[in-house]
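Residue-level structure breakdown
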Amino acid sequence: MTIAAAPGTIVNAGGRYRWSICLLLFLVITINYVDRQVLGVLKPIIEDEMGWSEVDYGNIVTAFQASYGIGLLVVGRWLDRVGTRKGMAIAIALWSLAAVFHSAARTVLHFILARIALGVAESAAYPGAVKSVAEWFPRRERALGVGILNAGANVGVLMTPIVGILVAGLYGWRAAFLITGLLGLVVLALWLRLYRQPHEHSKLTAAEYAYITQDGEDPAGEPLKWRDAIRHRQAWYFICGKFFTDPVWYLFLFWLPDFFAKTQGMELFPKGDTGILATIGPALIGVYLLADIGSIAGGWMSSHLIQRGWSVNRARKTTLFVAALCAVPMVGVVGAANPLTAVLIIGLGTAAHQAFSSNIFAMITDLYPRRAVATIAGMGGAAGALGGILIAQATGWTLELTGSYLPIVIYAGLAYLIAFGVIQLLVPRMEPAPLREAFV
């Protein structure tokens, strides 16, 4: 392969194969979300057949969130040690098998065990995907690459009701878990066939390889240790950013149908002359389509600004600030005049979240070499999972005591400005982490 040119000097990409890898990562994240969301979609059917209580279901959900958060702490560093191709292949295989295991579950304990296995295995998806982007894209395109793969989460959320309900209606809910698990094995086959390191890939031209590696090779060194990472303010920007903002995304995932029902009187199906705009299904589709737009637009924005000559620091921070401002209208969504206005406000909020998320993920690759990316992504993801557990408890208690979503959505609207302020305080100039000191 051609030796990489000096950092940031190559403009002509010389090929597009890296975007095939990005599409592969998009598929991985999509099936990751389908496998985790199908239980929630089929909850009424399974609950009726199995005789679950709400406490039983709450314990099953908590099992996934807790195992996912713990898994993120472990799997990031493991991926940095074993590499993305092998590590992601093992993870996809395991979470697909865990999804299939749901179809054989007969008791609450069986479901809890299946969710624990699914949570641990699925925790590899985002650290591995972001690490893959760092391996396959130059710095100027990484936020866009993360934005595209991040859009897979929204597509997965949209696909799950279609696939899950259709299969369950035809063949029963057990078949739905079986089919979604098998879809994961199809993605695994594609991963093994298509994914290699850039320098090992036969379909990559020398010119595109030079473009991908133009930022220079990583300095040699061992994988980053947790005890060293927690000494870096460069790690804490991501840990804090995810802790403050991920709870808002979890709020969207688990409480949005109830929010629309309570604040806008929306129904699952149209009644009388209320029309399609007053139903929850189309509302959710609208919200997550806007989230897709935000994910890609947020990644494109900072990448475009870098290509126009802005510094990485200025481009990333400007995009983060714009995204944070776009989330602010959520503070007033409880009082939205009509369902369409509520959908647009929440949709703008989800778009802001995805734009913000794409850029703080990309910033890991700005501050750390490729061999440390998954470790930092895992640590931040674990902090976000903890925040998700806290927001679930806070939402439940707030609704129980006040009956109102107002305090929760006020936090949702301000969370990104809070996170932006903390990020700016921790990494005002985005200086690379002092890894040499960590390994002395």
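Read on for a plain summary of the structure. (Residues numbered from 1 in each chain as written. Predicted model: local features only at pLDDT ≥ 70, side-chain atom pairs only at ≥ 80, totals over all residues. Heavy atoms only, no water.)

On to the overall build of the protein. Along the protein, the regular secondary structure elements total 16 helices and zero strands. Against the globule reference of 22 Å for 440 residues, the protein gives a C-alpha radius of gyration of 21 Å, in line with a compact fold. Overall size of the protein, expressed as C-alpha extent along the three principal axes, is 65 × 45 × 40 Å. Within the span of the protein, comprising 440 residues, buried residues form 55% of the whole. A separation threshold of at least 6 residues defines the contact pool for the protein, and within that pool the share at least 24 residues apart is 85%. When the accessible surface of the protein is split by element, carbon and sulfur atoms take 68% of a total near 17900 Å². (Helix = DSSP H or I, 4+ residues; strand = E, 2+ residues; numbered from the N terminus. Rg over C-alpha atoms; globule rule 2.2 N^0.38 Å. Buried < 20%, exposed > 50% of the residue type's maximum accessible area, 1.4 Å probe, protein only. Contact = heavy atoms within 4.5 Å. Areas by Shrake-Rupley, 256 points an atom, 1.4 Å probe, with all protein chains shown as cover.)

When the charged atoms of two side chains with opposite charge come close together, those side chains can pair. Summed over the entire model, instances satisfying the criterion amount to ten salt bridges. Between Arg36 and Glu122 there is a salt bridge; the shortest N-O distance is 3.2 Å. With Arg36 in helix α1 (residues 17-50) and Glu122 in helix α4 (residues 108-122), the pair connects residues that are 86 residues apart, well separated along the chain. Across this residue pair, the class does not change: Arg36 and Glu122 are buried. Where Arg316 meets Asp366, a salt bridge forms, and the shortest distance between an N and an O atom there is 2.8 Å. Of the two residues, Arg316 sits in helix α12 (residues 312-327) while Asp366 sits in helix α13 (residues 339-367), which places them 50 residues apart along the sequence. (Salt bridge = Lys/Arg side-chain N within 4 Å of Asp/Glu carboxyl O.)

For the rest of this paragraph, the subject is a nonpolar patch on the surface. Residues Phe321, Leu325, Leu406, Ile410, Leu414, Leu417 and Ile418 make up a contiguous nonpolar surface patch of about 520 Å² in total accessible area. Ranked by the residues each element gives to the nonpolar patch, the list is headed by helix α15 (residues 406-426), at five residues. Residue Leu417 is classed as partly exposed on the basis of its relative accessible area, which comes to 30%. (Patch = residues over 30% accessible without salt bridge, like charges linked within 9 Å, V, L, I, M, F, W, Y side chains within 5 Å.)

Time to look at the environment of Ile423. By the secondary structure assignment, Ile423 is in helix α15. Ile423 gets classed as buried once you look at its relative accessible area, which sits at 1%. Along the backbone, Ile423 and Phe252 are 171 residues apart, and their C-alpha atoms lie at a distance of 23 Å. Ignoring any residue separated from it by four or fewer positions in sequence, one finds Ile423 in contact with Tyr237, Gly241, Lys317, Leu320, Phe356, Ile360, Met363 and Pro428.

Of all hydrophobic cores here, the largest spans 109 residues; its most connected members are Phe260, Tyr288, Phe356 and Tyr368. At 13 residues, the largest contribution of residues to this core is made by helix α10 (residues 233-264). (Core = buried A, V, L, I, M, F, W, Y, C linked by side-chain atoms within 4.5 Å.)

This part is about the packing of α10 against α13. For the pair α10 and α13, the least separation of the axes is 10 Å and the interaxial angle reads 160°. When the axis of α10 is compared with that of α13, the two are roughly antiparallel. Crossing hand, α10 versus α13: left-handed. When grouped by side-chain class, the residues that make up the contact of α10 with α13 number 17 nonpolar, nine polar and two charged. (Axes fitted to C-alpha atoms, helices over the stretch in contact; angles between N-to-C directions. Parallel < 35°, antiparallel > 145°, perpendicular 65-115°, else oblique. Left-handed = near helix turned anticlockwise from the far one by under 90°. Nonpolar A, V, L, I, M, F, W, Y, C, P; charged D, E, K, R; others polar.)

A separate point is α12. Here α12 is 16 residues long and its end C-alpha atoms lie 23 Å apart, about the 22 Å a rise of 1.5 Å per residue gives. Among all positions of α12, only Ala315, Arg316, Lys317, Thr319, Leu320, Ala323, Ala324 and Ala327 are buried. Residues of α12 that are buried make contact with α6 (139-171), α11 (280-307), α13 and α15. (Expected span 1.5 Å × (residues − 1).)

On to the environment of Val157. Inspection of the secondary structure assignment puts Val157 in helix α6. Judged by its relative accessible area of 12%, Val157 falls in the buried class. Those residues in contact with Val157, other than ones at most four positions away along the chain, are Tyr33, Gln37, Leu253 and Tyr288.

It is worth spelling out helix α7 (residues 173-194) at this point. Residue pairs three or four apart in sequence face the same way in an α-helix, which turns once every 3.6 residues. With 22 residues, α7 ought to run about 32 Å at 1.5 Å a step, and its terminal C-alpha atoms sit 32 Å apart, in line with that. Among all positions of α7, only Trp173, Ala175, Ala176, Phe177, Thr180, Gly181, Gly184, Val187, Leu188 and Trp191 are buried. Among the structural elements, α1, α3 (84-102), α4, α5 (125-136) and α6 are those in contact with the buried residues of α7.

Turning to unusual backbone geometry, a few remarks are in order. Its identity is not glycine, yet Met430 carries a phi of approximately 50°, on the positive side. The topology assignment puts Met430 in the loop between α15 and α16 (435-438). Looking at Met430, the relative accessible area reads 9%, which means it is buried.

Okay, the environment of Val130 next. Mapped onto the secondary structure, Val130 falls in helix α5. A relative accessible area of 1% places Val130 in the buried class. For the pair formed by Val130 and Ala143, sequence separation is 13 residues and the distance between their alpha carbons is 9.7 Å. Not counting residues within four places of it along the chain, the set of residues in contact with Val130 comprises Phe361, Thr365 and Val373.

This next bit is on the side chain of Arg140. Among the structural elements, Arg140 can be located in helix α6. Its relative accessible area of 14% is what places Arg140 among the buried residues. Within polar-contact distance, the side chain of Arg140 engages the side chain of Gln214 at 3.2 Å. (Polar contact = N/O pair within 3.5 Å; in protein donor to acceptor, adjacent residues only side chain to side chain.)

Okay, the packing of α6 against α13 next. Direction vectors running N to C along α6 and α13 enclose 135°, while the axes themselves pass 8 Å from each other. Relative to α13, the element α6 lies oblique. Every pair of crossing elements has a handedness; the one defined by α6 and α13 is right-handed. In this structure, α6 contributes Arg139, Arg142, Ala143, Val146, Gly147, Asn150, Ala153 and Asn154 to the contact, and α13 contributes Gln354, Ser357, Ser358, Asn359, Phe361, Ala362, Thr365 and Asp366.

These values are about where atoms sit, not about what they do.
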